[in-house]
Amino acid sequence: MIELNGNNTLIFSDLPEVIAKRWHGQVRASLDVKEFLCLIECEASHVPDLCNWLFSELGYSLASLIIEELPSYWLLRYVFYGEPGSGQIHVSLQSSKSEKTIPSISRFVHTADWFEREAEDLFGLVFEGHPRLGDFVLHEEWPEGVNPMRTAFDASCPYIHRELDPDWRPHRIVKAPGAFMMPIGPVFSDAAESAHFLLETVGEDVIRTIPRFFYKYRGVEKIAEGRSIGRALLLSERFSGTSAFAHSLAFCQAIEKIFRIDVSVRVRALRIILAELERLRHHIAAIAAICNSTAFAVATSQASILEEEALRLTCTLTGHRYLFGLNAPGGLSMDFSEQAFRSLADAVYKLFNKLSELKEMLRFSSSFLDRLEEVGIVSRELAFAYGLVGPIARASGITRDLRKVLPYSDYENIAFDVPSEQEGDGYARLRLLFSEAEQSINIIRKVALSMPEGEVTPPRFEVTPGSALGWAEAPRGATFHWVRIRGDGRVGRYRLTTPSFTNWHGFHLASEDFAFQDFPIIMATFGLSNAECDR
Amino acid sequence: MFKWVLKGLKTGIVTTLYPDKDESAPGASPGLPVGQKDNKEEVLSVVSRCPTGALSRYDHQITVDYELCVHCFRCVRRIKDPIDWQNGYEWAASTAESAAGGHKLGKAFRRSLHIRVVDAGACGACLSEIEQINKPYYNMHRLGFFITPTPRDADVLLVAGPVTDHMRMPLKKAYDAMPTPKGVVAVGTCALSGGVFGPSFASGAGVSELIPVDIMIPGCPPPPLAIIHGLLVMVERRRSSSLTSPKSQAEGRHHV
Amino acid sequence: MFETSSLFILFLTLCATGTAFAVLLPDRRNPTALALIASLEAAVILWVSGYVLLTGRVFQIDLWDILSLGTMVLRMDGLSALFVFITGLVFLPVSIFSAGYMKKYLGRYSLKSFSIFYHLLFASIVLLLVASDILSFLLTWEGMSILSYLLVNYEHEKEKNTSSGYLMLAMSEAGTLAAALALLLLARGAGSLDFVSLRSASTVLGESSRWAIFLLSFFGFGVKAGLIPGNVWLPRAHPAAPGNISALLSGVILNLGLYGIVRVNADILPVSQIGPGLITLIVGTISALVGILYATIRNDMKKMLAHSSIENMGIITAGLGAGFVFTASGYPVLAGIAFTAALYHMINHSLYKALLFLSVGAVDSSVGDRNMDNLGGLIKVMPWTGLFFLVGALSIASLPPFNGFVSEWLTLQTMLQSAALESTAVKIVFALCGASLALTAALAVTCFVKAFAMSFLGIARSAKAEKAIEVKRSMMIPMGMLAVSCFLFGILPTYVIPVLDHTISPLTHESIADELVPPFFTVVKGDPKFSDAFVSEFHDLGAQTGRDILPGRGLVVLHRGTERNPVVFAMSTSYTVVMLALLLGGTFILVRVLTKSRTVTKKPAWDGGVRRLLPEMTYTATGFSNPVRVIFEAIFRSSMFDDKKETIAVHFRTAIGNERKEVHIMDRSVFQPILKGIRSIASLLGRMHTGSVNIYAAYVLISLVVVLIIQALL
């Protein structure tokens, strides 16, 4: 059931009919009931209208824009997802190779802004109607007209030295006299990830943020092409080390879909445990980072102790502190004993108690809360317009969580809450991290104490060409992995849509109109990873 | 505020005793594969399972190139005869050039070393582990190690990541801005060889392509204790490990 | 006697010659002739006034009698001589500077008329200062006002300048009117217009006349001095004026307002009540605080300096106010100290403000822009101007060893002397004013850190600033002269204060030289302040021997002569500078010796690893002073002038306006309400003019009835 703007509702299965009526049969829609997927195929001219309809009238969020350069045509796929029960919609568009101009949808669906800018840099496509505000993935010294994601581009060639354009200037829009740009990064004064921010200001208050990411662009999507599944798996878990399991899970699920591998219930249950363990560790680390950003040393130490305990717990259980090398298409690389589950349940219970104590103590530390409350506010409307995901969106009142919306790995069989907050400020995000960590602990305990029997070793499977979308709710939010396997069993296209990418897009909503000294705190409460964003 | 003080006191000291005593807490290190002298055919078959070419067969032995190993566990899990696994953490090694050059930093740095961290495209795990050495469990301040906000005050550059194209200039600038004598510590497999990413159009094959590296810390990511060991080796308070086998380097690397 | 007065006549003759030359010479040659003759004039007048200051020999020239108005008298006493001396001190370098500076106007504006006005202005100012009767005083005052208006409005083709000029003239005339009224009230009792007879007749004036005279003269002359509320003309006049005229405006013409206040309220009719003194103190303090606040947030260097002039005039006035209070309370020594502090600060202000205005003029003529947001990095291209500006900035920020420190320190110490007063309320006022002046001093440092750093340090923020070149030597020498004077007046206060004492002691009838600058290490036996036991103990310590080693008057001391604690405040900038030199030189040598064997490599500043540190990534002047703007929001009440956002399709922003503007607090709270009132009255009156004959007839009738009723009632 999809809530429409009025009080009318629309049944998911009626979508093809409604679409056919609305566009007089010029747009073809078909249903895949098993996958809960509606595939819409249309001409380029209908795309903006259609996406606008899906976004603003049916309330779907844009998950990703997947672009593939196939031998004879461009294949663009706009992936939408909505509330629980509204499935996913793929709008697919074929465009001839000679055509390089695609109508932009970001005027209607602002989430697409960065997707389109990225595609413009990497594929050389032009999105008509997009204002093109400066360079994006490829920085100013990248030669014009070289698009690394084109199939003709050789990924193994070493980069060439490129001359810097002396007249290059960042795109400034603040017009006040005396306005200047405060540069931060790319090498931060802390052990922070590389990124560059130019804060447009006239002093004291940040008027506009110009984020410059992709300093860590490793071209993962490109170098994955032509690799074997086993080596692409390494990329999927290592491009963002702090959320390795969730990303490898999304990748494995895509592979499992392509090859139609049945995953045993035990593997599904184990994957839930490991994914939640990762979420727990990530959220504790994020809490520590927030405490650190307010220079609250004691609380930082307390949270860091919990973080290291979670890391050691993970390592004792799985052999690796960041859950590397566990996932495999169709299974896991190791199995665990009953004893291990019992001690895991005990250990997370202890963590739960310590975390609750920390939460209570922070709740009554007024000097700490002063730095967080009503700082870095993202309203629900803007969060939706920018398509924000994960804890940041949930702190602004958007409760979409892929574990509920598009359940995977048997999440639908587990009872858990998706916590949410309404204020959208720094403190709401902190509270949300605590509540989610507690939920994760609950899930771990529930699953660990009722572990189903089964085989974890991946079954033998036949390699067939195909493509599929895998997804997971990573600690920072929804991630979508599109994998196409070529006839030779190697990866033909690997498209990564990560929560950090989606959420950095909306970062300026929170960071603007606040003082300089709030900037690091707002950054910490967003808790995003540049490695995950840049890929 | 008082309850925070009380809470801190109640927590007590959790800091590791390393380097005075060995740390044996479970989960402090994921361990590393070690080469075997055994020449059983089954064992040699694990070489083919290595996705990064870190394992190689040389003279009926298996040698591990730690500059390439990414802890994928494919040589230990789900096979009949796994490779040996060691659980230590003293992995840091001086590079050949550094060893020949002798004392890089003077004695004055032994008890006070200022470190600048540069993220040259790391996945986040290495950075997370670097952050841990600043936290209560490892507390590098007790050893006289400090993170400094600017390379102008830094004695050692701690670099993680394969050095992406866009980070080349910032990294070079940071290195150039440091006063002499200066040292460079490469943290993690990516910083040593490019790891799973490099070399490619967007990232290089490690830090040593761009600036001279003195200490190499293998691991994906190296645990905090390994990073501390690396820093201790830098100031000659700890011996360099002999993990990196020169033979495997000499053969050159090849990517699958 | 004969010598000085004939030299004075020589000065007037030179002025006349200069004017004649200006008329005869072509425009091209005028600046050089101006510089030559005017600096000669300045040298002569410096000699005359210096002679009077040092010897104390007053001279008088009686001019012609005017029917029923008495004799016109020119008389140079100590007070006049001091002001004339400062005038000469500023005119000399400014005249030399003009030779190079005025060339940029060649062919655009008439240099001939500039020179004519310049010589006449110089003459009128000096005549004003030596005028010793009301008639000649008012005549020369008017002449000075009009000539300064003409010079400020020199670039008359710019429309904005014309309106600033008119504002200046209008406010000046309003002030003159008030001051003239005050003088006439004084003259009413005396029967003569001569200052000497006014002085003798003033003792019989009643309370209300004294109050009226004080208020009229203080606020009338206060307009010229740039005190609140009549200060709004100054920040507008300065940006309009050429650089050299700005230097004169702040360095000389503002002083004339102070001269009027001092002449009337300290000399002719000494303040006899605490009330006027407190008003002077409070007005001075508020002027200082308001002045420096606006100076801090202004980015036009000249506007900034103009507001800073208001600040300094405020500090001087606060010192004068303290002096009035002490006089009225019967503490002539403390009053003398206060007057000394105030007049010392006035000398200093003239020197460093002239220096700053000349260097800003140099920057302006070289860069073509005075907005600090567009400058930056000038020290690399204009090292000397930068150095001189730095000296001026250090002086005005009251940092030792420069002159601002001495007088600011004395002024603040004077505020502390209020402990001697009886009334608690007055003490509280003094404490508050002292605190405000301290805040002012702190803000002054912020203001001039900004001015120097944003203009001369960092990276050039515009192409013009990057390509600027150093000015000619003829413009650098006068700046150097002023910079050296700033330094000398900073390190040699012990030689300046006795001279000032000659000027001030006739007003307070007490010498303060021994109080402020006692002979070094000298305590004489039998001094009533010290017990004999103390003196002999002092001698036993061998302190007396210091006198043989260190000559002259070595310290500036404020005695608070209690027996237990004979010396409380003591300071010697002369020895401070020796110590500074030793410390800095010693450190330099030490560093050199210690690091002899090391190689020093220079590398660019760490920029966080950005590709290129662009000039627009560095702090602008606006950004630097924005925290002050935010903290003092209650005073500035800046309103968002432009906050429009341009967007494409809601979320793509293409332009964000964020311009704030603030109306000066005096405009906002004094003049705008007055204007509004006048306008509403005018519109009310306008409503009566309907144009209908019947209504006008009715008005006539109504007035007739009203008059008749009044008549009947009386």
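Residues numbered from 1 in each chain as written. Chains lettered and ligands numbered in written order. Predicted model: local features only at pLDDT ≥ 70, side-chain atom pairs only at ≥ 80, totals over all residues.

For chain A, the count of helices and strands is 18 helices and 17 strands. The C-alpha extent of chain A, read off along each of the three principal axes, is 65 × 60 × 55 Å. Across the 535 residues that make up chain A, the buried fraction comes to 55%. Looking at chain A alone, contacts between residues at least 24 apart form 67% of all its contacts between residues at least 6 apart. (Helix = DSSP H or I, 4+ residues; strand = E, 2+ residues; numbered from the N terminus. Buried ≥ 20, exposed ≤ 12 C-beta atoms within 10 Å, placed from the backbone. Contact = placed C-beta atoms within 7 Å.)

A few words now on the overall build of chain B. Broken down by element type, chain B carries eight helices and ten strands. Counting across all 256 residues of chain B, residues that qualify as buried make up 56%. In chain B, once contacts between residues fewer than 6 apart in sequence are set aside, the share between residues at least 24 apart is 79%.

Here we take up the pairing of strand E10 (residues 180-184) of chain A. Residue and element names in this part refer to chain A. For E10, a buried count of four out of five residues is recorded, marking the element as mostly surrounded by other parts of the structure. Where E10 lies against strand E11 (residues 196-201), five bridges are found, and the strand directions are antiparallel. Note that in E11 the partner of Ile184 across the bridge is Phe197. (Pairing = 2+ DSSP bridges.)

Pro19(B) follows Tyr18(B) through a cis peptide bond whose omega is 10°. With respect to the element layout, Pro19(B) can be found in the loop between helix H1 (2-11) and strand E1 (32-34). Geometrically, the link from Pro400(C) to Pro401(C) is a cis peptide bond, its omega value of 5° lying close to zero. As for its placement among the helices and strands, Pro401(C) is situated in the loop between helix H15 (383-396) and helix H16 (403-416). Located in the positive-phi region is Phe214(A), a residue other than glycine, with phi close to 65°. Its identity is not glycine, yet Glu236(B) carries a phi of approximately 60°, on the positive side. Relative to the elements of secondary structure, Glu236(B) occurs in the loop between helix H7 (224-234) and helix H8 (246-251). By C-beta crowding, Glu236(B) is classed as partly exposed, having 17 other C-beta atoms within 10 Å.

Between chain B and chain A, the residue contacts involve 55 residues of the former and 54 residues of the latter. Every element with two or more residues in the side of chain B that touches chain A is listed here: H1, strand E6 (113-119), helix H4 (125-132) and helix H5 (168-177) of chain B. Tallying contributions element by element places H4(B) first for the side of chain B that touches chain A, with six residues. Here the side of chain B that touches chain A is composed, by residue class, of 34 nonpolar, 13 polar and eight charged. (Nonpolar A, V, L, I, M, F, W, Y, C, P; charged D, E, K, R; others polar.)

Right, let's get into H5(B). Within the span of H5(B), buried status applies to Pro170(B), Leu171(B), Lys173(B), Ala174(B), Tyr175(B) and Ala177(B). Its buried side turned inward, H5(B) meets E6 and strand E8 (156-160) of chain B.

This paragraph deals with the sheet that holds strand E15 (residues 466-474) of chain A. Residues and elements named next belong to chain A. Within the open sheet, the three strands sit side by side as E15-E16-E17. Their pairing is antiparallel. At either margin of the open sheet sits one strand with a lone partner, and together these are E15 and strand E17 (491-497). Pairwise comparison of adjacent strand axes, ignoring direction, gives a mean angle of 15° for this sheet. (Axes fitted to C-alpha atoms, helices over the stretch in contact; angles between N-to-C directions.)

This paragraph deals with the nonpolar core. Generally speaking, nonpolar side chains in soluble globular proteins are found buried as a group. Grouped together as the largest cluster of nonpolar side chains are 461 residues, with contacts concentrated most on Val159(B), Ala186(B), Val187(B) and Leu355(C). By residue number, the principal contributor to this core is helix H13 (residues 332-367) of chain C, which donates 22 residues. In this view, Val187(B) contacts Cys126(B), Ile130(B), Leu158(B), Val159(B), Ala160(B), Ile217(B), Pro222(B) and Ile227(B); residues no more than four positions away in its chain are not counted. (Core = buried A, V, L, I, M, F, W, Y, C linked by C-beta atoms within 7 Å.)

Following the sequence through the fold, Ser189(A) ends up in the loop between E10 and E11. C-alpha of Ser189(A) to C-alpha of Leu58(A): the two residues are 131 residues apart in sequence and 45 Å apart in space. Every residue in contact with Ser189(A), bar those within four places of it in the chain, is listed here: Pro149(B) and Thr150(B).

The relative placement of two packed helices is expressed as an angle between their axes plus a distance between the axes. Residues and elements named next belong to chain C. One way to put it is that H16 packs onto helix H17 (residues 424-456) with a least axis distance of 9 Å and a crossing angle of 160°. By the angle between their axes, H16 is roughly antiparallel relative to H17. The handedness of the crossing between H16 and H17 is left-handed. Contacts from Glu408, Thr411, Leu412, Met415 and Leu416 of H16 reach H17 at Phe430, Cys433, Gly434, Leu437, Ala438 and Ala441. Here the contact of H16 with H17 is built from residues that sort into eight nonpolar, two polar and one charged. (Parallel < 35°, antiparallel > 145°, perpendicular 65-115°, else oblique. Left-handed = near helix turned anticlockwise from the far one by under 90°.)

The next thing to look at is the sheet that holds E10(A). Residues and elements named next belong to chain A. Strands sit in the order E10-E11-E12 across an open sheet of three strands; the sheet is antiparallel. With partners counted over all chains shown, the strands left at the sheet margins are E10 and strand E12 (206-212), one partner each. Between one strand and the next, the sheet's axes are offset by a mean angle of 25°, whatever the strand orientation. Sheet topology places E11 next to E12; six bridges connect them, and they run antiparallel. The residue bridging Thr201 from the neighbouring strand is Val206, located in E12.

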